[in-house]
Amino acid sequence: MPGFEFFDNVEREQLRDVMDTGILMRYGFGGLRRGQWKAREMEASICCVAGVNHALLLSSGTAALATALAALGVGAGDEVILPPFTFVASFESILATGAVPVMADIDETLCLDPQAVRRAITPRTKVVMPVHMCGAMAQIDELQAICREHRLFLLEDACQAFGASFHGKMAGSIGEAGCYSFDFNKIVTCGEGGAVVTNDTILYERADRYHDHGHDHSNDDRGAEGHPFAGYNYRISELHAAVGCGQIGKLERFVAIHRKHKKTLKEALAGAPGVTFRRLPDPDGDSATFLSFFMPDEAAARRVTVALKAAGIDGVFHWYDNNWHYIRKWEHLKARAFAHPLYRALLDAMPDYANVAFPQSDAIISRTISIAIKMGWTDDEVQKRAETIRQAVELGIRN
Ligand SMILES: *Cc1c(COP(=O)(O)O)cnc(C)c1O
């Protein structure tokens, strides 16, 4: 799955370009950098891939989400609706702006259930943040319609879905803003990195300023620039951007390899007893980084997970037991364990997650198994793996 599987001279040469000038910062140093602007270059490529007018590359996907929320003007007293099946970064970024994370159930797309979103809307709701989990997209048309109806911002957490699409529109390009992650485990990696994309020029400018201490980037002399508002430092370095410049050119090939491998595994599992597959609102737009399927119940999912691991299959995830991706194990959030005090008003407004139940999401995630697709497998290996997986599933379901 991760782009680092296929590092080669392309990334090395990009890095050499940067080291030859020695300018590791993305801003300034005009004369010394001899025309090397790697962050800008990758931003232009992201715009092409995503089909958007603006892309801002920054230090992580988490920083991208926090920056997008700040640029949207979302903060104290505002509610952001997100799913309880995601990476912890989604709620972390909301808390970072002082807004309230309000979780709504997922459905068999493994993403936000539009009906659950409707139920979660209050007069304080400002944003709906669907998370396109495990390489494929949410029912984004319905979510967008809800946002239009209620005048809410749609912010796509597309950190796991760079390269996925919905009827021709790229993940991240549909909402007011979208966010990508290029961390070390994503399909395209900078080592660490992320991006905010949008078609809204004002939103882009606000994000651009916020992620660099409020600098308006009007000037080649950083000391002489204006600061329309205060920000943070979420900048990317030229070294990270250089790696991304090398990787992003390979995205199409990466997606094609994932799709080929996934098709083989899925065909082998189709018709296996008790197996049904994740619902994909647009199957043709799947970036195919994971094969996700459901077992009839939690116990069967546990047995099959054990059988798969015993058969030597790696990259198997039963998310129900996973500390990072599902609310069931987010003990720190439930215990309200924060490094520093949060405002009383925020704590009072936040649902008490130690005592909020998500029976609909539980019923899905407890039965869900995902298998990560690796690009480096040979066709022979994929074929063998497909047979092993099928046998392990049959064994697990019987026991
Ligand atoms: C990876 C990821 C992020 C955060 O990205 P980082 O670059 O690791 O900060 C956010 N949301 C989801 C769903 C992710 O998978």
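As the structure is a prediction and not an experimental result, all values here were calculated from the model.

A. Focus on the packing of helix H2 (residues 38-50) against helix H8 (residues 238-248). Interhelical geometry of H2 versus H8 gives an angle of 35 degrees and a closest axis separation of 8 Å. The hand of the H2/H8 crossing is left-handed. Residues Lys38, Ala39, Glu41, Met42, Ser45, Ile46 and Val49 of H2 form the contact with H8, whose participating residues are Glu238, Ala241, Ala242, Gly244, Cys245 and Ile248. A per-class count over the contact of H2 with H8 returns eight nonpolar, two polar and three charged.

B. Seen up close, the site of the ligand. Close to the ligand lie 14 residues; Gly61, Thr62, Ser181, Asp183 and Lys186 are nearest. Between an oxygen atom of the ligand and a side-chain N or O atom of serine 181, the distance comes to 2.7 Å. In the complex, 94% of the free accessible area of the ligand, which totals 380 Å², lies under the protein chains. Here the shell around the ligand is composed, by residue class, of four nonpolar, seven polar and three charged.

C. Representation of the pattern of salt bridges in the model. The full count for this structure, using the stated rule, is 24 salt bridges. A salt bridge links lysine 250 to glutamate 11, with the shortest nitrogen-to-oxygen separation between them at 2.8 Å. Separated by 239 residues along the polypeptide, lysine 250 in the loop between H8 and helix H9 (251-269) and glutamate 11 in helix H1 (residues 9-21) bring together distant segments of the chain. Each member of the pair, lysine 250 together with glutamate 11, is buried. Here aspartate 321 makes a salt bridge to arginine 328, at a shortest N to O gap of 2.7 Å. With relative accessibility at 32%, the residue aspartate 321 sits in the partly exposed group. The class for arginine 328 is partly exposed, based on a relative accessible area of 27%. Here the salt bridges do not stand alone but share partners, grouping Glu298, Arg302, Asp321 and Arg328 into one network.

D. Highlighting the domain arrangement of the protein. Split into domains, the protein comes out as domain 1 (3-250) and domain 2 (252-398). Each of domain 1 and domain 2 has a C-alpha centre, and these two points are 24 Å apart. With 44 residues of domain 1 at the contact, the number on the domain 2 side is 46 residues. When domain 1 packs against domain 2, the two sides together hide about 3800 Å² of surface, and 63% of this comes from carbon and sulfur. Interface area lost by domain 1 to domain 2 is led by Phe6, Glu108 and Lys250, which between them contribute 16%. Summed over the shared surface of domain 1 and domain 2, the result is two salt bridges. A salt bridge links arginine 279 to aspartate 107; the nearest nitrogen and oxygen atoms lie 3.6 Å apart.

E. Representation of empty space enclosed by the protein. Tallied over the full model, the rule gives three cavities of 30 Å³ or more. Residue composition of the lining of the largest cavity, by class: five nonpolar, two polar and two charged. Both of domain 1 (3-250) and domain 2 (252-398) provide at least three residues apiece to the lining of the largest cavity.

F. Structural detail: the nonpolar core. With 100 residues, the main nonpolar core has Ile46 and Phe182 as its most contacted residues. For this core, the domains that each give at least three residues are domain 1 (3-250) and domain 2 (252-398). Beyond its immediate sequence surroundings of up to four residues, phenylalanine 182 is in contact with Met42, Ile46, Leu57, Phe162, Val188, Thr189, Cys190, Gly191, Glu192, Gly193, Gly194 and Ala195. In terms of nonpolar packing, the next biggest core, distinct from the first, is built from 25 residues, Leu265, Phe293, Met295 and Ile371 among them.

G. Main features of the pairing of strand E2 (residues 79-82). In E2, alternate side chains face the same way, and those of Glu79 and Ile81 on one face and Val80 and Leu82 on the other are all buried. The sheet contact formed by E2 and strand E3 (residues 100-103) spans four bridges and is parallel. Within the sheet, the bridge partner assigned to leucine 82 lies in E3 and is methionine 103. For the handedness criterion, the β-α-β arrangement of E2, helix H4 (residues 89-96) and E3 is classed as right-handed. Sheet topology note: the E2/strand E4 (residues 125-128) ladder contains three bridges and is parallel. Bridge pairing in E4 links valine 80 to valine 127.

H. Just the environment of histidine 240, in detail. The topology assignment puts histidine 240 in helix H8. For the pair histidine 240 and cysteine 190, spaced 50 residues apart in sequence, the C-alpha to C-alpha distance is 4.9 Å. A distance of 2.7 Å separates polar atoms of two side chains, one belonging to histidine 240 and the other to serine 237.

Thresholds applied
Residues numbered from 1 in each chain as written. Predicted model: local features only at pLDDT ≥ 70, side-chain atom pairs only at ≥ 80, totals over all residues. Heavy atoms only, no water. Axes fitted to C-alpha atoms, helices over the stretch in contact; angles between N-to-C directions. Helix = DSSP H or I, 4+ residues; strand = E, 2+ residues; numbered from the N terminus. Left-handed = near helix turned anticlockwise from the far one by under 90°. Contact = heavy atoms within 4.5 Å. Nonpolar A, V, L, I, M, F, W, Y, C, P; charged D, E, K, R; others polar. Near = heavy atom within 4 Å. Polar contact = N/O pair within 3.5 Å; in protein donor to acceptor, adjacent residues only side chain to side chain. Areas by Shrake-Rupley, 256 points an atom, 1.4 Å probe, with all protein chains shown as cover. Salt bridge = Lys/Arg side-chain N within 4 Å of Asp/Glu carboxyl O. Buried < 20%, exposed > 50% of the residue type's maximum accessible area, 1.4 Å probe, protein only. Domains from an automatic or database assignment. Buried area = accessible area lost by both parts, 1.4 Å probe. 1 Å grid on protein atoms, 1.4 Å probe; cavity = no way out; pocket = protein on both sides within 12 Å on 5 of 7 lines; lining within 4 Å. Points joined across faces, edges and corners; volume = space filled by probe spheres on them. Core = buried A, V, L, I, M, F, W, Y, C linked by side-chain atoms within 4.5 Å. Pairing = 2+ DSSP bridges. Right-handed = clockwise from strand over helix to strand, strands pointing away.

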